[in-house]
Amino acid sequence: MLQDFELSIYNLNGSLTSKTVTCNNHFCSHQADCLDTSSRCPYSVSYVSSETSTSGILVEDIIHLKSEDDHEGHVQAYIIFG
């Protein structure tokens, strides 16, 4: 059964494990837009629907996952997102 829940905007400063992705990271695909290798990595995505896009900086963090039946225990997933 799905339950409604409120989504909130991610707060980089609210996480003890978050950090910005720098331009020297191999996940940074817009290195040409960087001032130098230690700059924050920008991203930009245009979607199929007309005039819909998103842009900003890439962030890496750890999310903590738990299986619904708890047989697998907890997993730490390292993610990069923008």
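In this report, the structure presented in the accompanying data block is examined.

What counts as what
Residues numbered from 1 in each chain as written. Predicted model: local features only at pLDDT ≥ 70, side-chain atom pairs only at ≥ 80, totals over all residues. Heavy atoms only, no water. Helix = DSSP H or I, 4+ residues; strand = E, 2+ residues; numbered from the N terminus. Buried < 20%, exposed > 50% of the residue type's maximum accessible area, 1.4 Å probe, protein only. Contact = heavy atoms within 4.5 Å. Patch = residues over 30% accessible without salt bridge, like charges linked within 9 Å, V, L, I, M, F, W, Y side chains within 5 Å. Areas by Shrake-Rupley, 256 points an atom, 1.4 Å probe, with all protein chains shown as cover. Salt bridge = Lys/Arg side-chain N within 4 Å of Asp/Glu carboxyl O.

Check the secondary structure of the protein and you find 0 helices and 5 strands. Ordered by position in the sequence, the α and β elements of the protein form the string β-β-β-β-β. In the protein, which comprises 82 residues, the proportion classed as buried is 18%. Pairs at least 24 apart in sequence give 25% of the contacts found in the protein among residues at least 6 apart.

Okay, the environment of Gly-56 next. Position of Gly-56 relative to the elements: it lies in strand S3 (residues 53–57). Along the chain, Gly-56 and Gly-82 lie 26 residues apart, while their C-alpha atoms are 6.4 Å from each other. Once you skip the residues sitting within four places of it in the chain, Gly-56 turns out to touch Cys-41, Pro-42 and Tyr-43.

On the surface, Ile-63, Leu-65 and Val-75 cluster together into a nonpolar patch covering about 230 Å² of accessible area. As for its placement among the helices and strands, Ile-63 is situated in strand S4 (residues 59–66). Take Ile-63: its relative accessible area is 34%, and that puts it in the partly exposed class.

Coordinates in, geometry out; function isn't part of it.
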